[in-house]
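Here is how the chains run, residue by residue.
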Amino acid sequence: CEKGGQWERALELFDELQQHGLEPTIITYSALISACEKGGQWEKALDIFDELQHRGLEPTIITYSALISACEKGGQWEKALDIFDELQQRG
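Note that the coordinates shown come from a computational prediction; the quantities given were computed from them, not determined experimentally.

**Overview of the overall build of the protein chain**
- When helices and strands are counted, the protein chain shows five helices and zero strands.
- In the protein chain, the succession of helices and strands from N to C terminus is α-α-α-α-α.
- Rg of the C-alpha trace for the protein chain: 13 Å, near the compact-globule value of 12 Å for 91 residues, within the 12% margin.
- Expressed as a percentage of its 91 residues, the buried residues of the protein chain come to 33%.
- Summing over all exposed atoms, the protein chain offers an accessible surface of approximately 5700 Å²; the carbon and sulfur share of this is 50%.
- The average position of the 8 basic charges and that of the 17 acidic charges among the side chains of the protein chain differ by 5 Å.

**Description of helix 2 (residues 26-38)**
- Here helix 2 contains 13 residues, and its C-alpha end-to-end distance of 18 Å stays within 8% of the 18 Å for a straight helix at 1.5 Å per residue.
- Buried residues of helix 2: Ile26, Tyr29, Ser30, Leu32, Ile33, Ser34, Ala35, Cys36 and Glu37, and no others.
- Once helix 2 ends, the next one or two residues include Gly40, with phi positive near 70 degrees.

**Describing the packing of aromatic side chains**
- Using the criterion set out here, one finds two aromatic pairs in the structure.
- For the ring pair Phe14 and Tyr29, a centre distance of 5.1 Å and an interplane angle of 65 degrees mean the geometry is edge-to-face. With Phe14 in helix 1 (residues 7-19) and Tyr29 in helix 2, the pair connects residues that are 15 residues apart, well separated along the chain. Tyr29 shares its class with Phe14; the two are buried.

**Overview of the environment of Ile26**
- Along the chain, Ile26 turns up in helix 2.
- In this view, Ile26 contacts Leu52, Leu57, Glu58, Pro59, Thr60 and Thr63; residues no more than four positions away in its chain are not counted.

**A word on the nonpolar core**
- Ranked by internal contacts, the top residues of the largest apolar core, which has 24 residues, are Ile33, Ile48, Leu67 and Ile83.
- Those elements that place two or more of their residues in this core are helix 1, helix 2, helix 3 (42-54), helix 4 (61-73) and helix 5 (77-90).
- Discounting chain neighbours no more than four positions away, the residues touching Leu67 are Ile33, Ala45, Leu46, Phe49 and Ile83.

About the thresholds
- Residues numbered from 1 in each chain as written.
- Predicted model: local features only at pLDDT ≥ 70, side-chain atom pairs only at ≥ 80, totals over all residues.
- Heavy atoms only, no water.
- Helix = DSSP H or I, 4+ residues; strand = E, 2+ residues; numbered from the N terminus.
- Rg over C-alpha atoms; globule rule 2.2 N^0.38 Å.
- Buried < 20%, exposed > 50% of the residue type's maximum accessible area, 1.4 Å probe, protein only.
- Areas by Shrake-Rupley, 256 points an atom, 1.4 Å probe, with all protein chains shown as cover.
- Lys, Arg positive; Asp, Glu negative; His and termini not counted.
- Charge placed at Lys NZ, Arg CZ, Asp CG, Glu CD.
- Expected span 1.5 Å × (residues − 1).
- Phe/Tyr/Trp six-rings, centres within 6.5 Å; stacked < 30°, edge-to-face > 60°.
- Contact = heavy atoms within 4.5 Å.
- Core = buried A, V, L, I, M, F, W, Y, C linked by side-chain atoms within 4.5 Å.

Below is the structure:
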């Protein structure tokens with residue numbers, strides 16, 4: 001779904017995963033953010049990023065990269081730069 005730009009299907013599968021009692025990992029969240037990025041859904045990508053942090057998961061460089069790319073593709077340069085600054089501060 002991620003590579004095909006089918007962000008809506010990716011969201012459906014993510015919901016199904018949780019309905020079956022499976023806990024999403026940071027890899028799952030990163031793939032979902034990437035699917036949103038490819039579908040031009042930068043706001044949804046930000047929502048997903050907030051959710052994974054709320055669940056106590058630690059974003060990886062891949063997670064940040066997908067989120068920055070989603071913001072950039074959505075014309076949200078300032079937000080992309082803010083996220084990049086956050087990444088640098090985390091070390």
